[in-house]
Each structure stands twice: as C-alpha cells, then as structure tokens.
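# Tertiary structure, described
Here are the chains, one letter per residue:
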Amino acid sequence: NTMNAIMTETEPVAIRAWAEKRIIYLELTDGRIFGFPADRFRILNQASEDQLKEVRIEVGGYALRWEELDEDLTVAGVVAGRFQLPLPRQAA
C-alpha cells in the first residue's frame, strides 16, 4: 500500500533534541533542524532553563519527554505548530 509508505516518510521523527535560550530544537531524520519556543506550552513555560535542557527523545523519535516536569509532547504536534499558548505580544 503506497499510501502507508508515503505517510511514514512524511511523519517527522527526531534523532536529537536540545534546548537553548528557551527554544527547544529537534534534528529530524530528514535533515531538518526545527526549533520552537518552550513558552508556547503550559508546563514548559514554567520550567527553568536547566529543566528544559533535560529533554529526551522517546518512542523511537516520535515523542519528547521531560522526566522531572512529567511532560510529553509529540514531535508531529510541535512540527505542525499545535501549541497550547499564544505567542507573547512583541513590544512595538
């Protein structure tokens, strides 16, 4: 079934994750580097920089896990921009 083959190829899978200046970065299997603001998620928004750096890749690259914060996010969700909180308003 070619439809299934296409789906698995396009689903983003992370091979590396790290945090820097409140941005969570993912390196995906297709070579993309993707970053998103931690502050767009309720639990991560409250976390310290050191806590954010404890990000781990789980479930074969499909999920992000912060053990101390008991937070899990899907790689597909963050790449698709499914955030919990709005972007903070930028000062003019």
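First things first, this report covers the structure right here in the doc. (Residues numbered from 1 in each chain as written. Predicted model: local features only at pLDDT ≥ 70, side-chain atom pairs only at ≥ 80, totals over all residues. Heavy atoms only, no water.)

### So, the sheet that holds strand S5 (residues 63-66)
Taken together, three strands build an open sheet; the order of strands is S4-S5-S6 and the sheet is antiparallel. Bordering the open sheet on either side are strand S4 (56-58) and strand S6 (71-74), each of which pairs with just one other strand. Between one strand axis and the next, the sheet turns through 30° on average, direction left out of account. As paired strands, S5 and S6 are joined by four bridges and run antiparallel to one another. Considered in S6, the bridge of Arg65 is made with Asp72. (Pairing = 2+ DSSP bridges. Helix = DSSP H or I, 4+ residues; strand = E, 2+ residues; numbered from the N terminus. Axes fitted to C-alpha atoms, helices over the stretch in contact; angles between N-to-C directions.)

### Considering the sheet that holds strand S2 (residues 23-28)
The three strands lie next to each other as S1-S2-S3, forming an open sheet whose pairing is antiparallel. At either margin of the open sheet sits one strand with a lone partner, and together these are strand S1 (14-20) and strand S3 (33-37). This sheet shows a mean twist of 20° between the axes of neighbouring strands, independent of strand direction. Here S2 pairs with S3 via five bridges, running antiparallel. For Glu27, the partnering residue across the bridge sits in S3 and is Ile33.

### A few points about the pattern of salt bridges
Evaluated as defined, the whole model comprises seven salt bridges. Glu54 is the salt-bridge partner of Arg56, the closest N and O atoms lying 3.7 Å from each other. Residue Arg56 is classed as partly exposed on the basis of its relative accessible area of 45%. For Glu54, a relative accessible area of 39% translates into the label partly exposed. A salt bridge links Glu67 to Arg65, with the shortest nitrogen-to-oxygen separation between them at 3.2 Å. A single network of salt bridges, built from pairs that share partners, joins Arg65, Glu67, Asp70 and Asp72. (Salt bridge = Lys/Arg side-chain N within 4 Å of Asp/Glu carboxyl O. Buried < 20%, exposed > 50% of the residue type's maximum accessible area, 1.4 Å probe, protein only.)

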